[in-house]
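Architecture and fold: a report
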Number of protein chains: 2
Amino acid sequence: MATTTPDEPDQLIDVPAGLRGVAVTDTRLGDVRGAQGFFHYRQYSATDLARTRSLEDVWQLLLDGELPTTAAERDRFTAEIGPLRTVPDEVSDAVAGIARHGGAGLGGLRTALSLLAQADDMPPLWDSPPQRRRRDLLRLAAATPTLIAALWRHSHGLEPIAPDPTLGHIADYLHMLGGTPTDTRAARAVEQYAMLTVDHGFNASTFTARVVASTGADAGSAVVAALGALSGPLHGGAPSRALQLLEAIGEPSRAAAWVRAAIERNERIMGFGHAVYRGDDPRSLLLRHIAQDLGGDLADFAISVEAIITATLAELRPDRHLYANVEYYAGVVMATCGIDRQLFTPTFAVGRTIGWTANIAEQAADRRIIRPAARYTGPPPPQPVPELNLDPEAR
Amino acid sequence: MATTTPDEPDQLIDVPAGLRGVAVTDTRLGDVRGAQGFFHYRQYSATDLARTRSLEDVWQLLLDGELPTTAAERDRFTAEIGPLRTVPDEVSDAVAGIARHGGAGLGGLRTALSLLAQADDMPPLWDSPPQRRRRDLLRLAAATPTLIAALWRHSHGLEPIAPDPTLGHIADYLHMLGGTPTDTRAARAVEQYAMLTVDHGFNASTFTARVVASTGADAGSAVVAALGALSGPLHGGAPSRALQLLEAIGEPSRAAAWVRAAIERNERIMGFGHAVYRGDDPRSLLLRHIAQDLGGDLADFAISVEAIITATLAELRPDRHLYANVEYYAGVVMATCGIDRQLFTPTFAVGRTIGWTANIAEQAADRRIIRPAARYTGPPPPQPVPELNLDPEAR
């Protein structure tokens, strides 16, 4: 278990760059089985859950450890989160000002969630009684759609729409964004997208949330930190790039030639290939079905282009096993459901916040700081500090 | 170097809990040599730098790699950071609202820095030209004292005081806090405290900053995340606890009996003991000198109590080698310089932000994501998803 902290560089433990494959902690929340082509939340296949259950069920599963099995159990949980979507007036008021900088991007959500954590006076995780900790974690994930929608509407000169606790979490998000009567097919499609992206292994934002939580910080600090990691180009932000690919191709008949040319220029095909899945990405398989059910020009186009790109990649890069990943259909599904491209990454955050908060709860129970080391590779210390020549003529 | 991501739990790499001693990265920024009782920024002893140089010199050393050796070099750097202390009007205006929640604590600073990063429209680190990246990093550390002071004054019903770019970084901070003519002895004492706490090994907040930076996120996201880690009880926040110890003791004649009773109750003596230093903490040695030079009742009291506690601990816990750590004198020095206890951790952040930004710059140059793994220890997946009984009478 614990070891003493080494003093000398040669006592450091060497591991692969970027901590690749290094087990930081135990988890009961889930995992990715890349070779077997599936990922799971607790002991259930995530795609099975997305097909048969609600986002709130998955939320409850991750946070509390059990799926509801009766309507009463489900209702108890949804009754808990509904009211937490309503943020205090002073936070709502401040959101208009926050929206002035960068609109509805992740930066605004980061500031708004930070303010909400302040307004709620969230105590450090370790000083929180279990019920208070649970409430803060539910609050952060529950209020995320409210804040995104308010930022979005303010940045378009529109008044925010109050949450409706009688609606499902995603249905309410779409309601707050658009103010139109809720399209239940769209709400279910976006809900399934969110269910598929609640968690996925020990990704960089989840890890960030756990590092911050391991210091005993408040839940808000941990979520705000994770959101910062999500803003990196290596992590969030790709669904819109896959749509840009479809736009660049323009029509199915051009797809094969376009991909061929891109590969010859050694360009990466956005939305294809994954570090862990060697075959199909289970998320993209389900999202393709969802896109197919939704229908529409974009979905039809994306499905025919996917087939052409997959065949072309198989011909030109047979060794690479490149298939559509979650990003390829995420943008297609969101766009078909009327979500603006600027909202793709914030919408990803709606689901992922649920995963972060479950990870924060698990980490907080551990009460052990994550505090690694670095290897100093500069000139040997201590060297004498050079004097400062105060003669104003010296250069 | 890079390895493939393992799919199966048994391919994971096991390391000590909390990544203790695990070398995540190389660094040229510095290190702690606990057994030898010193720590260094680049190749120079940090205490040597604190004795002979300015905070701005250390800042330049960490960020740019070199100490200024002429007045012209120093002036060039201070001319760069002075104007960056002034924040945009809309951020200043918003700070009054932010201060309403939790006053001048770290939560308010987290929100205000997040808003500043938005207002400055900080691009992802990897999309930033070097000059823009450098400017954003300088900005975040330069504006931290401005934001803390404005939050503090707003939360006390006072108008903020504008920064004065002709003053040193810490002198300006004290000026913005108090509005009284600057006490140069106090400014130098707090500056030396800040210099001693700019960086210290690969602590949890610095690691957080580097994880977020490794995703290519913007500099603001990385600093905001690090600030969240600092809010944890395991990391920031201890200087005020050491002052509480002094208050609990009340007078030197009670110190020996007080410590004896606390040890018998198996309580930890706040401000004593360190995970890495087995002998004196080099920071507390210099801070004791600084406290001695400042003088005053609190400093005199703290010095006599320290001697008694050290002797009592040596008698009762001879195996533990417990000496005053950086926290013990940090509070004494700050309080003697007129800094309110609520501002101790934010003041710690004034110096530490400089360390974080240097670490972010180093990490951004690496362009490789820090993305470890976790070991799934729950029931084997995939289990069939239980059905939901929608009969409202079921429980």
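Let us look at the structure shown here.

Considering the sheet that holds strand β3 (residues 30-33) of chain A
Residues and elements named next belong to chain A. Across the sheet, 3 strands lie side by side as β3-β4-β5; this open sheet has antiparallel pairing. The open sheet is flanked by β3 and β5 (44-45), the only strands paired with a single partner. Relative to β5, strand β4 (residues 38-41) runs antiparallel, the two sharing 2 bridges. Counted as the bridge partner of H40 is S45 from β5.

Quick word on the packing of aromatic side chains
Tallied over the full model, the rule gives 11 aromatic pairs over all chains. Ring plane angle 50° and centroid distance 5.7 Å describe the contact between F202(A) and F207(A), whose orientation is recorded as tilted. Each ring, one from F272(A) and one from Y328(A), has its centre 5.1 Å from the other, and the planes form 65°; the classification is edge-to-face. With F272(A) in the loop between α12 (252-264) and α13 (282-294) and Y328(A) in helix α15 (residues 326-336), this residue pair connects regions lying 56 residues apart in the sequence. With respect to burial, F272(A) and Y328(A) carry one shared label: buried. These aromatic residues form a ring-pair network of at least three members: F202(A), F207(A), F202(B) and F207(B). Above the ring of F39(A), the side-chain terminus of R283(A) is found at 5.8 Å from the ring centroid.

Observations concerning the sheet that holds strand β1 (residues 13-14) of chain A
Taking strand neighbours across the sheet as the criterion, the 3 strands line up as β1(A)-β2(B)-β6(A) in an open arrangement whose pairing is parallel. Strands at the two margins of the open sheet, each flanked by one partner only, are β1 and β6 (373-376) of chain A. Strand direction decides the pairing type here: β1(A) and strand β2 (residues 22-27) of chain B, joined by 2 bridges, are parallel. The partner of I13(A) across the bridge, within β2(B), is V22(B).

A short note on the interface of chain A and chain B
As a measure of interface size, the accessible area lost when the parts come together is often cited. Between chain A and chain B, the contact holds 113 residues from the first and 115 residues from the second. Between chain A and chain B, a total of about 10200 Å² is buried, with carbon and sulfur atoms accounting for 61% of that surface. Counting every contact that joins chain A to chain B gives 52 residue pairs in polar contact (both at pLDDT 80 or more). Broken down by element, the side of chain A that touches chain B gets its largest block of residues, 9 residues, from helix α5 (residues 106-119) of chain A. For the side of chain A that touches chain B, the class distribution of residues is 55 nonpolar, 36 polar and 22 charged. Both β6(A) and β2(B) contribute to a ladder of 4 bridges, which runs parallel.

Quick look at helix α8 (residues 184-196) of chain A
Residue and element names in this part refer to chain A. The end-to-end C-alpha distance of α8 is 18 Å, a good match for the 18 Å that 13 residues give at a rise of 1.5 Å each. Counting buried positions over the 13 residues of α8 gives 10, a clear majority of the element. N-cap assignment for α8: the residue whose side-chain oxygen lies 2.9 Å from the backbone N of R185 is D183.

Some remarks on unusual backbone geometry
The amide bond that connects P381(A) to the next residue, P382(A), takes the cis arrangement and shows omega of -10°. Relative to the assigned elements, P382(A) resides in the segment after β6. Even without being a glycine, H321(A) presents a positive backbone phi close to 50°. For H321(A), the location among the structural elements is in the loop between α14 (297-316) and α15. Its identity is not glycine, yet L19(B) carries a phi of approximately 60°, on the positive side.

Side note on the relation of the copies chain A and chain B
Applying a rotation about an axis and a shift along it to one chain copy brings it onto the other copy. Mapping chain A onto chain B is achieved by rotating through 180° and translating by 0.0 Å along the same axis, at an RMSD of 0.0 Å. Both copies are brought into coincidence by an operation consistent with a two-fold rotation axis. Among all residues of chain A, the one whose C-alpha sits closest to the rotation axis is A225(A), at a distance of 2.0 Å. When you check the interface residues of chain A against chain B, 100% turn up at the interface there too, and the contact is symmetric in its surfaces.

About the thresholds
Residues numbered from 1 in each chain as written. Chains lettered and ligands numbered in written order. Predicted model: local features only at pLDDT ≥ 70, side-chain atom pairs only at ≥ 80, totals over all residues. Heavy atoms only, no water. Pairing = 2+ DSSP bridges. Helix = DSSP H or I, 4+ residues; strand = E, 2+ residues; numbered from the N terminus. Phe/Tyr/Trp six-rings, centres within 6.5 Å; stacked < 30°, edge-to-face > 60°. Buried < 20%, exposed > 50% of the residue type's maximum accessible area, 1.4 Å probe, protein only. Lys NZ or Arg CZ within 6 Å of the ring centre and 35° of its normal. Contact = heavy atoms within 4.5 Å. Buried area = accessible area lost by both parts, 1.4 Å probe. Polar contact = N/O pair within 3.5 Å; in protein donor to acceptor, adjacent residues only side chain to side chain. Nonpolar A, V, L, I, M, F, W, Y, C, P; charged D, E, K, R; others polar. Expected span 1.5 Å × (residues − 1). Least-squares fit on C-alpha atoms with pLDDT ≥ 70 in both.

Any link to function would need more than the numbers given here.
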